[in-house]
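# Structure at a glance
Chain by chain, the residues run as shown.
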Amino acid sequence: MTLHTIWHYLRSLSGKSWVCLASFIAALGCLMGLYFWYITGYLKDEAMDRFQDASNHTSIITTTLLLDKKKHLDKVANLVKYADGDVAQVAAQLGQSAGNANVFEGVGFVSADGQYSILSDPAQVMEHLPYMPKDQRFFMKGMNGKDYLSVLNGSLIFSEPVETSRGQGVLFALYNADDLKDVLSVNFFSGQGYSVIIDVEENKLLWSDNAPHLAYESGSVFLNYMAMKDPKQFNIKALCEAIAKKESGILTGWGFEPMYLYYRPLLGDLYILTIIPQLVIATSYQVVMRYMFLLFFILFIAIVGLAVYFIYNEWKRKRDLEELLYVDTLTGKASYKKFQPQADHWLERDDFPKAFIAFDIDNFKLFNLIYGYPKGNDLLRQVADILARYAGTKGIFAYKCSDLFVMMLTYNDVRDVIWTCQEIRNEVRLLGKWQYKKFRINMSIGIYLIPPHETDVLKMENYAIMARREAKKCYELGYRFYDEDLKNERLHLKQLVDDMSTALEKGEFYPWFQPKYDAKTQQLIGAEALIRWYKDDGTMVSPVQFIPIAEQTGIIREIDDYMFNAVCRQLQQWREADYPVVPVAINVSRYGLYRHNFIAEHMELLKQCHLPTELIQLEVTEGTLYSKSEVSEKIVNILRSLGIQVLIDDFGTGYSSISMVKRFNATALKIDKSFVDDMSYTGKKMLKYVINIAKLMNMRTIAEGVETKEQYEFLRDQDCDVIQGFYFAKPMKVDDFAALLRKEAKTEKG
């Protein structure tokens, strides 16, 4: 069977066959793994048995040596008892015994009061015990009736209590530990193992020559291990408990490196610890296991590699087909059609928090007009490259339409989302700085933090787009989160727009009138019509709340018509009732002013109400006039020619261009309240300057928002023509203003 035949067969495998192949690979891997695990365990157990045998052998020899020394000490103790504490007699007998020199370095006896006598080898005893031994551990143990074995200045010291007629004392003997160290240092496992003898109080007595040492170690072997402060160190607590119970066993832990520790009781309160690196045990069986693992690895990789190769080819074929369907032809990145199922998958794939982000390029239509559509397409491709780089493996993105991009991003902290958006915005801004130097490119970004278990991708996108629109209002920041405030704001906006439409139908808008007075004579010479909204339930909606929304949605044009009609009808009623009417100023928005039939409709209404044009004044903000200055100039000229006065409203809050004001044939200039409020030296100079400029252009001046006597008197002294504000009168209802008209008429007659 040729390789081509095998290839053809594998290519023809069905889905079930692939499942069988995968199952076979998994079963083979499991069997090989189990076998490998079994052999490893067997060889490891064998090595551990060797380790225990070596340790037991060392402990038996050590115990034998210690017992031999103990027997000699017992003989000396018997001599002391027989001599009834006569240490001189005992010393003489020991001096005559040549064998004693080969057993002990020196022998001594300590009485209960701490006085000690040297029985043999005074020089050795004085070298190791040059001071009173009353505070020595061996003495205290002996006085408590216990035998003791310890280390004293490099030598072993054996001690046991002796009772004589003269009282209790402690017999001790010093022993050179070199031959015992030789036993502990017996070479096993290539000299890598070592032993330590301790007592039940954890004191380190003897150790192999090859035992490692800490730079600063205490007499306690356990404290030495704990000083390493390694989380994988030996379980010292468990070891202490085992020693207290005279048990033996093996622990694993860390002592300079991973170690095995075998503990076993010796003579009396002594314990022997035999320690060997885990690597030494492992090395004894690793050679065999290395070859077995290599064979297994090669076999496993060969089979898995073959399977992966065919699966990869199948995946590649599917991916190529998807690219034909899901790649955006303009940017070369993922299309919006691919983004939608990807977003569903991302929402389900893990529990990390995610954000849906909408991006668009500010003034992109203007960019296309200036640079052309090919350059606009290039810009979209560059932005797509930037988004692809920041999405990386943390998110997905797509180009949707026009200049709109969408992204779903995984994050750990909300600050990560903000940082990503700011970096993207900065890089896009650099495109404008270096490639399109005459055009400032910015992005508006809307962010929706997806709550857990949210699955409606379309709703997420709508929320992000809604936040993106709001982001355009904060140019420097450039981004806006969708939150409950924004949601409530949108709901409130929709409700307000609906309510305004209903209010127009039900007639809930009312004109109020704020009187205007001649600055010199203080006579009533006019009024401004201000809109008020009272709902059926009696609640009032402030103009500050609904006028900006009306301008945004275009309803302001209908409100303009409504107010103009209401004021004209009211003036008609007053004239028919012989009220001494005065000119009334009505505010006109840009939506109304630039309507093609604005003048014709208003003149027709004046005709229907039989009103002379001099009774109507139109207030237009300087911003409205400036937005379409050439058209505005023509409209103002026509209105003036028809006898309608035009007042430039809110002067000082917008462009405040003297050259612009000069172009318009306006009747009067209304000075904004913000100018009037400033009665500082500089503020007064500014007011005086504005009034003088208006005089030079043959325009009357109207100061609005006048509330104090100081303001009024200053404006009057500077030849301001008309005063409007709380100092004279607040805005009032129709009936109240009618009463004011009657009162003014009587005053004039009187």
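In this report, we go over the structure that sits alongside the text.

The rules behind these values
Residues numbered from 1 in each chain as written. Predicted model: local features only at pLDDT ≥ 70, side-chain atom pairs only at ≥ 80, totals over all residues. Heavy atoms only, no water. Helix = DSSP H or I, 4+ residues; strand = E, 2+ residues; numbered from the N terminus. Buried < 20%, exposed > 50% of the residue type's maximum accessible area, 1.4 Å probe, protein only. Areas by Shrake-Rupley, 256 points an atom, 1.4 Å probe, with all protein chains shown as cover. Pairing = 2+ DSSP bridges. Axes fitted to C-alpha atoms, helices over the stretch in contact; angles between N-to-C directions. Parallel < 35°, antiparallel > 145°, perpendicular 65-115°, else oblique. Left-handed = near helix turned anticlockwise from the far one by under 90°. Contact = heavy atoms within 4.5 Å. Nonpolar A, V, L, I, M, F, W, Y, C, P; charged D, E, K, R; others polar. Polar contact = N/O pair within 3.5 Å; in protein donor to acceptor, adjacent residues only side chain to side chain. Patch = residues over 30% accessible without salt bridge, like charges linked within 9 Å, V, L, I, M, F, W, Y side chains within 5 Å. Salt bridge = Lys/Arg side-chain N within 4 Å of Asp/Glu carboxyl O. Lys, Arg positive; Asp, Glu negative; His and termini not counted. Charge placed at Lys NZ, Arg CZ, Asp CG, Glu CD. Right-handed = clockwise from strand over helix to strand, strands pointing away. Core = buried A, V, L, I, M, F, W, Y, C linked by side-chain atoms within 4.5 Å. Phe/Tyr/Trp six-rings, centres within 6.5 Å; stacked < 30°, edge-to-face > 60°. Lys NZ or Arg CZ within 6 Å of the ring centre and 35° of its normal. Arc of directions from axis to C-beta.

To continue, consider the overall build of the protein. Assigned secondary structure in the protein consists of 27 helices and 24 strands. Buried residues in the protein amount to 45% of all 750 residues. When the accessible area of the protein is evaluated, it comes to approximately 39800 Å², of which 55% is carbon and sulfur surface.

Okay, unusual backbone geometry next. Here the phi dihedral of H453 falls at roughly 70 degrees; this positive angle occurs in a residue that is not glycine. Inspection of the secondary structure puts H453 in the loop between β14 (443–450) and α15 (457–471). Even without being glycine, N698 reaches a positive phi, approximately 60 degrees. If you trace the backbone, N698 turns up in the loop between α25 (681–696) and β23 (700–704). A relative accessible area of 71% means that N698 is categorised as exposed.

Here we come to the sheet that holds strand β15 (residues 479–481). A sheet is described by the order of its strands in space; here five strands give the open sequence β12-β13-β11-β14-β15, paired in mixed fashion. Edge positions in the sheet fall to β12 (395–401) and β15, since each of these pairs with one other strand and no more. Neighbouring strand axes in the sheet, compared pairwise and without regard to direction, differ in orientation by 20 degrees on average. In terms of strand pairing, strand β11 (residues 354–361) meets strand β13 (residues 404–410) through seven bridges, oriented antiparallel. In the sheet register, A355 faces β13, and the bridge partner there is L409.

A few words now on the packing of helix α18 (residues 556–576) against helix α20 (residues 598–608). At their nearest, the axes of α18 and α20 sit 10 Å apart, and the two run at 20 degrees to each other. For the element pair α18 / α20, the angle class is roughly parallel. As for how α18 packs across α20, the hand of that crossing is right-handed. Where α18 abuts α20, its residues D561, F564, N565, C568, R569 and Q572 lie against H602, L605, L606 and Q608. When its residues are assigned to classes, the contact of α18 with α20 shows four nonpolar, four polar and two charged.

Bringing the side chain of E704 into the picture now. Structurally, E704 is set in strand β23. Looking at E704, its side chain comes within polar contact range of the side chain of K670, at 3.4 Å.

Taken together, D45, E46, D49 and D53 make up a surface patch of like negative charges. Following the sequence through the fold, E46 ends up in helix α2 (residues 15–82). For E46, a relative accessible area of 42% puts it in the partly exposed group.

What follows deals with the pairing of β14. Along β14, seven of the eight residues are buried, which leaves the element largely enclosed by surrounding structure. Relative to β15, β14 is paired through three bridges, and the arrangement is parallel. Of the residues in β15, the one forming a bridge with I445 is Y479. Handedness of the β-α-β unit built from β14, α15 and β15 comes out left-handed.

All right, on to the nonpolar core then. M500, F509, F546, I559, L618, L715 and F737 are the most contacted members of the largest nonpolar core, which totals 80 residues. Residues contacting M500, with those up to four places away along its chain left out, are F509, W533, F546, I549, A550, I555 and I559. L380, A384, Y411 and M443 belong to the second-largest nonpolar core, a separate cluster that totals 35 residues.

Next up on the list: the packing of aromatic side chains. Scanning all chains against the criterion turns up 24 aromatic pairs. Here F339 and F356 contribute two aromatic rings whose centre-to-centre distance is 5.8 Å and whose plane-to-plane angle is 85 degrees, an arrangement assigned as edge-to-face. Remark: F356 occurs in strand β11 and F339 occurs in helix α11 (residues 336–349); sequence separation between them is 17 residues. A relative accessible area of 0% means that F339 is categorised as buried. With relative accessibility at 0%, the residue F356 sits in the buried group. Ring centres of W512 and Y534 lie 6.1 Å apart, and the angle between their planes is 20 degrees; on these two criteria the pair is classed as stacked. Taken as a pair, W512 in strand β16 (residues 509–518) and Y534 in strand β17 (residues 524–534) lie far apart in primary sequence, 22 residues in all. Through a chain of ring-to-ring contacts, the aromatic side chains of F509, W533, F546 and Y562 assemble into a single cluster. In this structure, R532 is placed above the aromatic ring of W512, and the distance from its NZ or CZ to the ring centre is 5.7 Å.

Okay, helix α12 (residues 364–371) next. Taken residue by residue, α12 has F364, F367 and N368 as its buried positions. The buried residues of α12 occupy one face: seen down the axis, they fall within an arc of 100 degrees. Those residues of α12 that are exposed and angled more than 90 degrees off the buried face are K365, L369 and I370. Taken together, the buried residues of α12 touch β11 and α13 (373–391).

It is worth stressing that arrangement in space is one thing and function is another; only the former is reported here.
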